[in-house]
Amino acid sequence: MSKMKLAFTPIAQLQAVTENEIWKIKVRVARMWRFQNGDKTGDVGGVDLILVDDKGDRIQACIRGKLIPKFENDLGEGECCILMNFKLSPNLGNYRGTGHPFKIFFTWSTYLKKNCEEIPNDSLRFDCVSFDDLLSQNCDEKVFVDVIGEIVGPCNLKEITVRNAPCKILNLQLKNCGDSIINCVFWEKYAEDIHSYVQSFSGGAIVMLCSLMRINIYNGKFTIQSGKSSTKLFINSDIAEINEFKEKMSKDVMSTTSCGSQLTLSNCTQVSLDHIPFENRKTISQLLTSYEETRCCIYATICALKTEGPWWYLACPGSGCAKKVNYYLNPETEELEMDKFSCEACEKIVSSTKTRYQVHCKVLDHTGTASFLMFDREVIQLIHKSAYELLEQQVQFNNGNELPRELLALEGREFVFTVYKPETSKNYTPSTFKVVNVTDDPAKILRFHSDDANESDIPAIGPHFSNSTETTTNLVNDVLEESNNSTSASTESASTPTTKRPSTLAIEDCVPQLSSKKLKGDVSLLAEEDGQLSSTKIKTKSWVCD
């Protein structure tokens, strides 16, 4: 019997001509989300995906019911795969993920080949619609859209009653690089997450990419609204679309928002101190003696960086996750597979990782010292280099076990830190506090200067920290003792990248591969970053809501 190799079909040419026709497509998963059956919480009806091929054409796919465990773990946002033997059905309904006339449905006999050869369409992951097309109502109201813009309008969180139940709603405006503005409505967790981010943001432009938003036209008024589960928000994330948008932003335009603070473009240096959004300012002493859960701002100087343990860790590359990964233990062979990693948070086995920052620093003000922990977003904001790039630089110069000079240069500098503190009791105080934002803007630092600061009262930095500042020579107490409550560490030795990479690293989507070359000595992979948003909950790695 002769055999015929099945050829790839472009997404644009997919159509249900005959009932038993078999197609083969090579695609990247642009988006992936779960949806519920009706209003029952936790009753998962299926998994929806947006697939894009190398031409940029898109199609929506769906995995229903009992098929979810069969396919879900082999799929992830940003990953490439080959699909064969699926069902095509007309793409109907009032809320569609794409404008393609058909929709893919997985069946039990569908074949999924993951980890296939990369296809050059990562830049086509989002299909942002122009504001002009939206405002002229040239878009199909039944098809979800991607939009990107700067938050410039009111950002007020309200609670209303919908179907006899309380509901959170937030209205805001997005502006493109010109003068066009569109009105946006966000519901429930999306509303809370955006409001929380804006309230804690310490200045500069807030650029947001909204993936899969609904178009709503009511009484002639146009808005875009968050979907129930399809929408995903990228807020000031280090992705190509947001970086390109910021480059295009006019350098002499100031944007404002009336959410209790004023937001300005990052290039604007004249900032009114009355508008700095630091509503909950504390000293280190107040931070250490408070018990309630809080997100507060602290003006302090980095007096030392931790030298014991690595300043980076290997993280899960999955969208919505920044947790630490471990080498995969094959349960059948009872051997570690050094080219695979397991992520406990995602419950997935991955073949690639992301290199992320975790920098422990000792900070001081006139009331005391504390230990802060900064992750990817905050460190990149300060030194403008990715952890992957910096680690590769260290390896090339055989300095793998030393702190990079770019990090050491942070010692002695003053910053305003936005810190998260969990609820505690009188018998327990965290040994380390997580930084969720940081700035060295002179206007914001000036706001925090205290005229009665007494530097002679500053306690000592402890062991395992470097110290290059003169103010710490007479310090006496060590307040950074690692305890069981501090960030946990593992002891596996980690592979590191050695091939030269571009200087710009897309934090959300870039998945650096690891080689077999290793750093000298043992390298601990410390605690995972309590990272990105998942299931519409904002986190601080890259501020992504889904």
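Look up a bit, the structure's there.
This one's a predicted model, so the numbers in the text were calculated from it and none came from an experiment.

What follows concerns the sheet that holds strand E18 (residues 335-343). A sheet is described by the order of its strands in space; here three strands give the open sequence E17-E18-E19, paired in antiparallel fashion. Two strands in the sheet have a free side with no partner beyond their single neighbour: strand E17 (326-330) and strand E19 (348-350). Neighbour to neighbour, the strand axes of the sheet diverge by 60° on average, direction disregarded. Relative to E19, E18 is paired through three bridges, and the arrangement is antiparallel.

Trp-311, Tyr-357, Phe-372, Leu-407 and Phe-417 are the most contacted members of the largest nonpolar core, which totals 41 residues. Per-element accounting of this core gives the leading share, five residues, to strand E15 (residues 294-305). In this structure Phe-372 touches Leu-287, Ile-298, Val-359, His-360, Cys-361, Val-363, Phe-417, Val-419, Thr-432, Phe-433 and Val-435, once residues within four positions along its chain are discounted. Formed by 28 residues, the second largest nonpolar core is a distinct cluster that contains Ala-191, Tyr-197, Phe-201 and Ile-215.

This next bit is on the pairing of strand E10 (residues 165-175). One ladder, built from two bridges, connects strand E8 (residues 145-151) with E10; its direction is antiparallel. Residue pairing in the sheet places Ile-151 in a bridge with Leu-174 of E10. Sheet topology note: the strand E9 (residues 156-162)/E10 ladder contains seven bridges and is antiparallel. The partner of Leu-157 across the bridge, within E10, is Leu-170. In sequence, E9 turns back onto E10 through a hairpin of two residues, with Arg-163 there showing a positive phi of about 55°. As paired elements, E10 and strand E11 (residues 181-187) share seven bridges and run antiparallel to each other. In the strand pairing of E11, Leu-174 is matched with Ile-182. Between E10 and E11, which pair antiparallel and follow one another directly, the connecting turn spans five residues.

To continue, consider the sheet that holds strand E2 (residues 44-52). Taken in spatial order, the seven strands line up as E5-E6-E3-E2-E1-E4-E7 in an open sheet, and their pairing is mixed. Of all the strands in the sheet, the pair left with one neighbour each is strand E5 (87-90) and strand E7 (111-114). For this sheet, the mean inter-axis angle between neighbouring strands, taken without regard to orientation, is 40°.

Moving on: a nonpolar patch on the surface. Taken together, Leu-329, Leu-336 and Met-338 make up a surface patch of nonpolar side chains, about 290 Å² in accessible area. Of note, Met-338 is situated in strand E18. Given a relative accessible area of 40%, Met-338 falls into the partly exposed group.

For the rest of this paragraph, the subject is the pattern of salt bridges. Considering all chains together, one arrives at 14 salt bridges under this definition. The residue Glu-72 makes a salt bridge to Arg-34 at a minimum N-O spacing of 2.7 Å. Here Glu-72 is found in the loop between helix H1 (68-71) and strand E4 (80-84), whereas its partner Arg-34 is found in strand E1 (residues 24-36), with 38 residues between them in sequence. With relative accessibility at 17%, the residue Glu-72 sits in the buried group. Under the relative-accessibility criterion, Arg-34 is labelled partly exposed at 43%. Between Lys-282 and Glu-292 there is a salt bridge, with its nearest N and O atoms 4.0 Å apart. Taken together, the residues span a long stretch of sequence, with Lys-282 in the loop between helix H4 (240-248) and helix H5 (284-289) and Glu-292 in the loop between H5 and E15 at a distance of ten residues. With relative accessibility at 16%, the residue Lys-282 sits in the buried group.

Conventions used here
Residues numbered from 1 in each chain as written. Predicted model: local features only at pLDDT ≥ 70, side-chain atom pairs only at ≥ 80, totals over all residues. Heavy atoms only, no water. Pairing = 2+ DSSP bridges. Helix = DSSP H or I, 4+ residues; strand = E, 2+ residues; numbered from the N terminus. Axes fitted to C-alpha atoms, helices over the stretch in contact; angles between N-to-C directions. Core = buried A, V, L, I, M, F, W, Y, C linked by side-chain atoms within 4.5 Å. Buried < 20%, exposed > 50% of the residue type's maximum accessible area, 1.4 Å probe, protein only. Contact = heavy atoms within 4.5 Å. Patch = residues over 30% accessible without salt bridge, like charges linked within 9 Å, V, L, I, M, F, W, Y side chains within 5 Å. Areas by Shrake-Rupley, 256 points an atom, 1.4 Å probe, with all protein chains shown as cover. Salt bridge = Lys/Arg side-chain N within 4 Å of Asp/Glu carboxyl O.

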